Amino acid sequence: VNRTTMKREWAWAPVGWRAWRRDFFVRGKHYSVLPVLSLDGILHLDVIPCSWTADHFNGFIDGLLDNMNQFPGRNSVIIMDNA
């Protein structure tokens, strides 16, 4: 038994059957974090208590654009990664 999560690392099943288990997330409230990093540090950060939707993301981009500068100044290029 893993003492930090109380979940077993191994399972058993009858011969010819796959072992499986069902897990439930019970560690508390879910938060989604979206930071914008620059060479100088964190440029913009948003933490919401739910999953990101298109409306949340559009509001985030509106807030980010307030911190951006015109090209070719510092903080003038946004590079996005869908990780």
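Residues numbered from 1 in each chain as written. Predicted model: local features only at pLDDT ≥ 70, side-chain atom pairs only at ≥ 80, totals over all residues. Heavy atoms only, no water.

Draft legend 1. Structural context of the pattern of salt bridges. A complete count under the given rule lists one salt bridge for this structure. For Asp40, the salt bridge is made with Arg74, and the minimal N-O distance between the two is 2.9 Å. Here Asp40 is found in the loop between strand E1 (32–38) and strand E2 (41–48), whereas its partner Arg74 is found in the segment after helix H1 (54–65), with 34 residues between them in sequence. For Asp40, a relative accessible area of 58% gives the class exposed. (Salt bridge = Lys/Arg side-chain N within 4 Å of Asp/Glu carboxyl O. Helix = DSSP H or I, 4+ residues; strand = E, 2+ residues; numbered from the N terminus. Buried < 20%, exposed > 50% of the residue type's maximum accessible area, 1.4 Å probe, protein only.)

Draft legend 2. Spotlight on the nonpolar core. With five residues, the main nonpolar core is built from Val36, Leu43, Phe60, Leu64 and Met68. When sequence neighbours within four positions are dropped, the list of residues in contact with Val36 reads Gly41, Ile42, Leu43, His44, Phe60 and Leu64. (Core = buried A, V, L, I, M, F, W, Y, C linked by side-chain atoms within 4.5 Å. Contact = heavy atoms within 4.5 Å.)

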